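# Summary of the model geometry
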Amino acid sequence: RRVLFRSQELVKSIAHDEEYTKETPLGKGEADSMLNYFYALIGMACIYGSLLGVNIVLTLEGNQSPLGARRNVSPTHKLKILCADTIGSILVHIASIFIILAYLILALKVDFGNNIGFVMLASSVGCVIGVCMGVFLGAVVKGGEAIKVSFALSVSMVFSFLSGLMVNTMP
């Protein structure tokens, strides 16, 4: 009898639904479904930095471009050239993304809320990821320029689809 009483208490305590957390919104307004498209668009532009990364690798390989052949016979270490090109490409890509953000905010009047600094930070991290992903894909994928670029575009299109750029309910 006592075991039955304890098992009933256990069932009641499991069945009782009690929440220990509460949901607090980050912004003041309601979530705008159209804003998700702009975030996905910025993400797609960041991932397109992979084309810059593929170009970095193409200009380092001696069999892919005349510049790569000249770089291979130069006394400069290839890792230094790779790091310098990658940092330069990341900075150029971040500047272009900031121009896109300025256009979205100033010309199209897209409201990203009060946390524009976080949007800029996330975009900068996305630029670093995009360029580094392109360097990785350019180094791993064997073949000519067309194969490497088409592979980088295919990967970025899959990521863009999964981020919700084509269908809002995808993520």
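Residues numbered from 1 in each chain as written. Predicted model: local features only at pLDDT ≥ 70, side-chain atom pairs only at ≥ 80, totals over all residues. Heavy atoms only, no water.

## Topic: the confidence of the model for the protein chain
Looking at the protein chain, the pLDDT average stands at 84 and 88% of residues meet or exceed 70. Across the protein chain, element-level confidence peaks in helix α5 (residues 78-107) with a mean pLDDT of 94 and bottoms out in helix α1 (residues 2-15) with 67. (pLDDT = per-residue confidence, 0-100. Helix = DSSP H or I, 4+ residues; strand = E, 2+ residues; numbered from the N terminus.)

## Observations regarding the side chain of S50
Its place among the elements puts S50 in helix α3 (residues 50-58). On the accessibility criterion, S50 (1% relative accessible area) is buried. Apart from residues no more than four positions distant in its own chain, S50 is found in contact with G130, V131, M133, G134 and A152. (Buried < 20%, exposed > 50% of the residue type's maximum accessible area, 1.4 Å probe, protein only. Contact = heavy atoms within 4.5 Å.)

## A look at the nonpolar core
I42, I97, L101 and F112 are the most contacted members of the largest nonpolar core, which has 17 residues in total. At the level of secondary structure, the elements contributing two or more residues to this core comprise α2 (33-47), α3, α5 and α6 (116-140). For this core, the element with the most residues is α5, which contributes five residues. Sequence-distant contacts of L101, that is, excluding residues within four places in its chain, are made with I42, F112, V119, M120 and S123. L58, M133, A152 and V155 belong to the second largest nonpolar core, which has seven residues in total. (Core = buried A, V, L, I, M, F, W, Y, C linked by side-chain atoms within 4.5 Å.)

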